[in-house]
Amino acid sequence: MTDAVWAAVRPLLPVPAWLEGRGGQPEGYCHRVMLDAVRYLLDNGVKWRALPADFPAWDRVYAFFRRWRLQGLIAEFHHRLRARVRETEGRKAEPTAAIVDSQSLRAADTVAAGSRGWDKGKKVSGRKRHLAVDTAGLLLVVHVTPASVRDRDAAVPVLNRLRELHRKIHSRGPTEAMQAGSSTGPGTFSAWRSRRQTKR
């Protein structure tokens, strides 16, 4: 990443425990180098072992990514970046509305049979990603299922997670996914929440 990008990203990174006196040891590599390695892998779709020699050893990069993912730091970093982008565009950091949709994608032959399915409507064998985004198209929640899972069934865990992460969201525009999930037609988040509270 460029110096300008790093200057914008660096303040948003989670602070290592050892810098706050909470134990642990300094990491052996700069976060900038590690993030560049992970971005290269994602951008080019290469295997971990195929990382160029310009980056740290692949197992060190993988250990860094795995540790951050397990500790929730990757998600936290993403949330901070999204908030910064929203503020730059003149919006509030926390969204108040979201849109839900899904997309079926063909799976590679290496994808396990147990995690893929057949989408009858799209005629696709693979996986389906169910997304919740804000009105700017920035990702809020993603849930991956076999392509055979219906949108209305996947909407429940997506909306549950959305409510946990973004308490200020109170409305939702009608989408095909929400129409499939509601027997009364296009739904709103408020209506969905009311139905859940009524069932309790």
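What you are looking at is a predicted structure, and each value in this text was computed from that prediction instead of being measured. Once a new chain begins, its residue numbering starts again from 1 and follows that chain's sequence as written. Totals for whole chains, interfaces and linings use all residues, but because this is a predicted model, local features are given only for residues with pLDDT of at least 70 and pairs of side-chain atoms are given and counted only at 80 or more. Each side-chain value is worked out from all heavy atoms of the structure, with water and hydrogens disregarded.

Regarding the confidence of the model for the protein
- For the protein, the mean per-residue pLDDT works out to 83, and 79% of the residues sit at or above 70.
- The predictor rates its confidence in each residue with pLDDT, a number between 0 and 100. Per the convention used, a helix needs a DSSP run of H or I reaching at least four residues, while a strand needs a run of E reaching at least two, with both numbered from the N terminus. Helix α6 (residues 176–181) is the least confidently modelled element of the protein, averaging 41 in pLDDT, while strand β4 (residues 139–146) averages 95, the highest of any element.
- Here, two residues are considered to be in contact whenever any of their heavy atoms come within 4.5 Å of each other. Predicted confidence for residues 171–190 stays below pLDDT 50, and this span has 35 contacts to residues more than four positions away or in other chains.

Description of the pattern of salt bridges
- When a carboxyl oxygen of Asp or Glu is within 4 Å of a side-chain nitrogen of Lys or Arg, the pair counts as a salt bridge. The tally for this structure, following the rule as stated, stands at nine salt bridges.
- Of the charged contacts, one joins R39 and D36 as a salt bridge, the two residues approaching to 3.3 Å between their closest N and O atoms. Linking R39 with D36, this pair stays in helix α2 (residues 31–44), spanning three residues, or about one helical turn.
- Burial status follows relative accessibility: with a 1.4 Å probe on protein chains alone, a residue under 20% of its type maximum counts as buried, one over 50% as exposed, and anything between as partly exposed. Its relative accessible area of 46% is what places R39 among the partly exposed residues.
- The exposure class assigned to D36 is buried, which follows from its relative accessible area of 18%.
- A salt bridge links E164 to R161; the shortest N-O distance between them is 3.1 Å. Here E164 pairs with R161, and both are found in helix α5 (residues 151–165), just three residues apart, close to one helical turn.
- Judged by relative accessible area, which is 53%, E164 ranks as exposed.
- Look at R161 and you get partly exposed, because its relative accessible area is 41%.

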